[in-house]
Protein chains: 2
Amino acid sequence: MSRLRRYLPIMQWLPGYGRDTLVNDLLAALIVTVLLIPQSLAYAMLAGLPAQVGLYASIAPLLVYAVFGTSRTLSVGPVAIIALMTATVAGQVAGQGDLAYQGVVLVLAMLSGLILVVMGIARLGLLANFLSHPVISGFMTASAIIIAASQLKHLLGIEASGHTLLDLTHGLISNLPNVHWRTLSLGAGTLLFLYAARRWLRSGLARLGIPDRPAKLLTKAAPILAVAVTVGLTWALQLNQQGVAVVGQVPASLPPIALPNMDLAVWRDLFVGALLISIVGFVESVSVGQTLAAKRRQRIDPDQELIGLGASNLAASVTGGMPVTGGFSRSVVNYDAGAETPAAGAFTAAGIALASLTLTPLIAYLPLATLAATIIVAVVTLIDLSAIRRTWAYSRNDFMAMLATILITLFYGVESGILAGVGLSLIIHLYRTSRPHTALVGRVPESEHFRNIERHRVEVDERLAILRIDESLYFANSRYLEDTVLELAANQPKLRHLVLACQAVNLVDASALDSLEAVNARLRDADVELHLSEVKGPVMDRLQNTAFLRNLSGEVYLSTFDAWYALHGARPAELSTPEVGKHAMPNRIIHHFSKS
Amino acid sequence: MSRLRRYLPIMQWLPGYGRDTLVNDLLAALIVTVLLIPQSLAYAMLAGLPAQVGLYASIAPLLVYAVFGTSRTLSVGPVAIIALMTATVAGQVAGQGDLAYQGVVLVLAMLSGLILVVMGIARLGLLANFLSHPVISGFMTASAIIIAASQLKHLLGIEASGHTLLDLTHGLISNLPNVHWRTLSLGAGTLLFLYAARRWLRSGLARLGIPDRPAKLLTKAAPILAVAVTVGLTWALQLNQQGVAVVGQVPASLPPIALPNMDLAVWRDLFVGALLISIVGFVESVSVGQTLAAKRRQRIDPDQELIGLGASNLAASVTGGMPVTGGFSRSVVNYDAGAETPAAGAFTAAGIALASLTLTPLIAYLPLATLAATIIVAVVTLIDLSAIRRTWAYSRNDFMAMLATILITLFYGVESGILAGVGLSLIIHLYRTSRPHTALVGRVPESEHFRNIERHRVEVDERLAILRIDESLYFANSRYLEDTVLELAANQPKLRHLVLACQAVNLVDASALDSLEAVNARLRDADVELHLSEVKGPVMDRLQNTAFLRNLSGEVYLSTFDAWYALHGARPAELSTPEVGKHAMPNRIIHHFSKS
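Chains are numbered independently. Their residues run from 1 in the order of the written sequence. Lettering of chains starts at A and numbering of ligands starts at 1, both following the order in which they are written. Under the rules for a predicted model, residues below a pLDDT of 70 receive no local features and side-chain atom pairs below 80 are neither given nor counted, while totals for whole chains, interfaces and linings still include all residues. Side-chain figures throughout are based on the complete set of non-hydrogen atoms in the structure, without hydrogens or water.

Going by what an unreviewed UniProt entry lists, chain A is known as SulP family inorganic anion transporter and is assigned to Modicisalibacter luteus. Turning to chain A, the UniProt annotation filed under Subcellular location (unreviewed entry) states: "Membrane". UniProt positions are given in the numbering used here, feature names are shortened, and annotations may be inferred rather than shown by experiment.

Here is the structure:
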């Protein structure tokens, strides 16, 4: 039963669902439905798809998320970044105009749904950690710039294509003489209106005495007003007959239910793209979900979120949709509108289904320039220049990863950008840990403690070196360990015993084991015995049956002091354990001094 | 001057070069020249190139390595794995028969040379650490299997192509009815002879009283004997007229000197492949170099090795060669033959130049089946099943990375295989460190020490939690930190103060800084103050000017005890520092107890 509750979070809230919650959720759904229609249409266009696909992708996924998702207020559907990535990835397999294109997008949604579900079942939510914050932030900023640039053609009424900044600007500049002035006037007007609304409407309403929450929602209604007015204008002036591009005839229907194309070659070509879309979508969704949950002291479960988002994408793929995720702006609208449970999402789905049956005659007159203006105003908020400044001030390494992500995203496209950012983050991290801190230690006189010989007055013995290793040993630093130890042996000709003090070693992987074997063999050739001390239990368990331990020239000592005593031959000291200490601390604690 | 000596290692040995060394080097060069000719021809064929390219690639690169390389005995030239990777990467850009193919290979050598030199100047030798030992070992095993499979067609005298095991076996099976029996007899005979020589010749010679070193070299001469005999047979019986494929007419000339193709599109297509070839070649070369250097107590400098190998590849690219690296079998031959300095390599280059001017009439009759047999016998030694067994026994995680590398290399090709192996190693490592060890600690009674509350009898305070973090904070574990802290706060309703004890935190990257900010904000909302203690100097320096520190709800304490004293309000204790301790350990050492 608790297992069922974990995999079906709906069981946690549905049984206690009451009348008040119902009213709040219904009201929120009404608001969200109205506000989300332009966004859904716009992001379908951004992905190179017919506008109604955006509506379809806002129906089934919401219903499914209500069952499997753990966030109470997250709103799943088409979002800007994922729409851009969809266009890029699908565009590599089929042309945007082609009939096949829509089928490819459905495969992408299904693949990405499967990847997410598998990751969720394997509880791999932590994999999202591959994306460091500077990389995500740089990627968002660069993607927003590309998205805005890709929409300029609709504002200008000209042709231009491409998925990188160079291609886009090149297309725009060479077609600039063909600007369609009616389209531009309409688009620029909408843009100015939306910008002004975002900038001044809320404070203006506040000055009129309207409370903050409705003022916020009214501000968010600006796009729907822009849509209504421009549709009206286009219809009244028959602008579509005068070269203003519009959405055009859209079938008035519920989403078509069908399985996507099962051609394995297509699936293989889309795999990497689908993986990237899944991870970026998951990271965006979890960030939004956690932010909203924290405001109400709720928690979300990242692994279950993978399943919820995966199921939503699977639903999108069999109902003529596109890849979806939990979007920031849509979720904030939902939250501000007062949604209390995922039921609000389900009601929104019903509302959008109704819209896709009834509003299509109006949508036919919707100018593409209006949608483009909506998109531009939405994505400009993703451009975060202050994050760039802050990262520069805080860490040059992180800044490098961020800058590379931005530049490669802008000039090579979203796939390369995100991959380069992840790669660079990893390289920087490995580089940082590939030279672990090590210290030669000596004995604090009359004690069982050992400290860095460069920082403390300690006893040393030129025939005996004790090297403390302050990091786990794994493939990225195993060669450095070899180098350090062999150099030590080369520089200290009287050396006969080398003790590796392993209190900070939590792991010895197979590469490090090979290195230890090599160190042991080479030290043996140089007549130096290799010893270990303070090896942790789990590490020791693994070493137990290896050739390394069988061939070890020296011993494994429980404590570094045991090693010192055996190899240097100090008296066990009139053991300086103090009166008070003896009383207060049992032996194992004294022992642990050197382990803490 | 010392800078010059570092970049031109030849300065370290040439000034002291004496007559004895000269004699030894000349003798070694003579032996190596004779032994390496079949290998050089064979690896050119493996890379899909005319046989003489293998000779050309064994001339200029050796001269250049003698100037820039740091290993005394490494022998640079064509090697099996790099030849296979060359065939795979170049084959994606041009067909193996095409005129353009050879040009593409030259670009590959130049690109890979440039990459190595740049990495060397940037001192990025540590990047080779990306390849964990199980990944390298798995990659070698799988590549050897593919190489052996790719040579079967020459043994059988049939057609078959492809770079993956499936393609190769498919080709072999479908053409099996066309087996050319004369070729097969010749090839199988050579194979048996080479195998028998390797297995029994050395011990047989030992039984005849021949000392070990000449016996070893005679054993290694088996391939040249096989070449001589089969060339003789082919010429005498005119087997080449009867369908036995031979190397054929080869121009008797020194290497042609020319710059490779400068078409940027080709360069871009080859970049990733060249990068992989560079890294794999570097790893192989450094491993061989270090093993041989250690036997004579010499050291090599990995960063300078990058420059040496890079320069060798640049030399290969302008003298009609192919990508080269320090090979295991060629270097062992050189070492066993008694080479003392890189001058032996230079003399070998002269020998091979002479061979390429004089031996071509004989090479024309060399059956491809003989070369195939040489290759198969050489690469079978790379198949290391015991490494697979050992890795399985030692660590399931490492075994998974190894198995994935093997399977993907076999069934998708060398590029995908090595990339997947690297990726999986990283994923496994990040997964391991993404859940850092943390411990709630309490005060050891009457002391300034704090220990894990689950393992020791310690004082605690339900309004105050002290969390010790045992790892640096970076992007892979920053979310886990957030989760841990917030869960702690949620489970301890009386909590008012949370202290993060940071003695083991060597780094806080930008992602972790964001997480700390988020933790601070959310704890503040829950009326819990966040404090830090024992923040290391360099970490504190960075935090100094951040918004996090300005907005921190609590304080930064020098020691955990200070935090305890301030927040719990203990008397500073009749400080239980013992008589002896006071005397023996200055204060800073006592202070460092909690830092060691």
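Moving on, there is more to tell.
Participant: Help me understand the packing of aromatic side chains, please; the structure alone is not making it clear to me.
Facilitator: Centre distance and the angle of the planes are the two values used to describe a pair of aromatic rings. Residues and elements named next belong to chain A. The rule is short: rings of Phe, Tyr and Trp, with Trp giving its six-membered ring, pair when the centres are within 6.5 Å, and they are stacked under 30 degrees, edge-to-face over 60, tilted in between. In total, this model carries 10 aromatic pairs over all chains according to the counting rule given. Measuring from ring centre to ring centre gives 6.4 Å for F561 and Y565, while their planes differ by 20 degrees; the resulting arrangement is stacked. Here F561 pairs with Y565, and both are found in helix α26 (residues 560-568), just 4 residues apart, close to one helical turn. The side chain of R396 reaches across the aromatic face of W392, ending 3.8 Å from its centre. Secondary structure elements are defined from DSSP: runs of H or I of at least 4 residues count as helices, runs of E of at least 2 residues count as strands, and each element is numbered from the N terminus. By definition here, charges over rings are those cases where NZ of Lys or CZ of Arg is within 6 Å of the ring centre and within 35 degrees of the ring normal.

Participant: Can you help me understand a nonpolar patch on the surface in this one?
Facilitator: On the surface, a cluster of nonpolar side chains totalling about 490 Å² of accessible area is made up of A:L166, A:L403, A:L407, A:F411 and A:Y412. Inspection of the secondary structure assignment puts A:Y412 in helix α20 (residues 396-412). Patch construction takes residues with relative accessible area above 30% that form no salt bridge. Like charges are linked within 9 Å, and nonpolar side chains (Val, Leu, Ile, Met, Phe, Trp, Tyr) are linked within 5 Å. Surface exposure here means Shrake-Rupley accessible area, sampled with a 1.4 Å probe, where a residue is shielded only by the protein chains that are shown. By definition here, a salt bridge exists when the distance from a side-chain nitrogen of Lys or Arg to a carboxyl oxygen of Asp or Glu is within 4 Å.

Participant: Where do I start with the interface of chain A and chain B in this structure?
Facilitator: How big an interface is tends to be stated in terms of accessible area lost as the parts join. What makes two residues a contact is simply this: any of their non-hydrogen atoms within 4.5 Å. Counting residues at the interface gives 69 residues for chain A and 68 residues for chain B. In this description, buried area is defined as the sum, over both parts, of the accessible area (probe of 1.4 Å) that is lost when the two are combined. Among the residues of chain A in contact with chain B, A:Y394, A:F475 and A:R479 are the three that bury the most area, contributing 12% of the side total. In protein, a polar contact means a hydrogen-donor-capable atom and an acceptor-capable atom, both N or O and within 3.5 Å, with residues adjacent in sequence counting only if both atoms are side-chain atoms; elsewhere, any N or O pair within 3.5 Å suffices. One can count 10 residue pairs in polar contact (both at pLDDT 80 or more) joining chain A with chain B.

Participant: Whenever I open this one, helix α12 (residues 222-237) of chain B confuses me. Can you help?
Facilitator: Residue and element names in this part refer to chain B. Here the expected length of a helix is defined as 1.5 Å per residue gap, with one fewer gap than residues. Compared with the 22 Å implied by 1.5 Å per residue over 16 residues, the 22 Å span of α12 between its first and last C-alpha is a close match. Residues of α12 that are buried: A222, P223, A226, V227, T230, V231 and T234. The buried residues of α12 all sit within an arc of 160 degrees when viewed along its axis, so they share a single face. Facing away from the buried side of α12 by more than 90 degrees, the exposed set consists of W235 and A236. Buried means the residue's accessible area, taken with a 1.4 Å probe over protein chains only, is under 20% of the maximum for its type, while exposed means over 50%, and partly exposed covers the values in between. Comment: arc refers to directions from the helix axis out to C-beta atoms.

Participant: What am I meant to see in the pairing of strand β7 (residues 529-533) of chain B here?
Facilitator: Looking along a regular strand, one sees side chains alternate from face to face of the sheet. Residue and element names in this part refer to chain B. Among the 5 residues of β7, 4 are classified as buried, and the element is accordingly described as predominantly covered. As paired elements, β7 and strand β8 (residues 556-557) share 2 bridges and run parallel to each other. In the strand pairing of β8, L532 is matched with V556. For two strands to pair, DSSP has to find at least two bridges joining them.

Participant: Is there a simple way to think about the domain arrangement of chain A in this case?
Facilitator: Where each domain starts and ends follows an automatic or database-derived domain assignment. For chain A, the domain assignment lists domain 1 (19-426) and domain 2 (438-593). Between the C-alpha centres of domain 1 of chain A and domain 2 of chain A there is a distance of 56 Å.

Participant: Looking at this structure, I do not really get the pattern of salt bridges. What am I missing?
Facilitator: Close approach of charged atoms allows side chains with opposite charge to pair. All names here are of chain B. Counted by the stated rule, this structure contains 12 salt bridges over all chains. Linking D303 and R123 is a salt bridge whose minimum nitrogen-to-oxygen distance equals 3.7 Å. Placement of D303 in helix α14 (residues 302-317) and of R123 in the loop between α7 (99-121) and α8 (133-156) is noted, with a sequence separation of 180 residues between them. The exposure class assigned to R123 is partly exposed, which follows from its relative accessible area of 31%.

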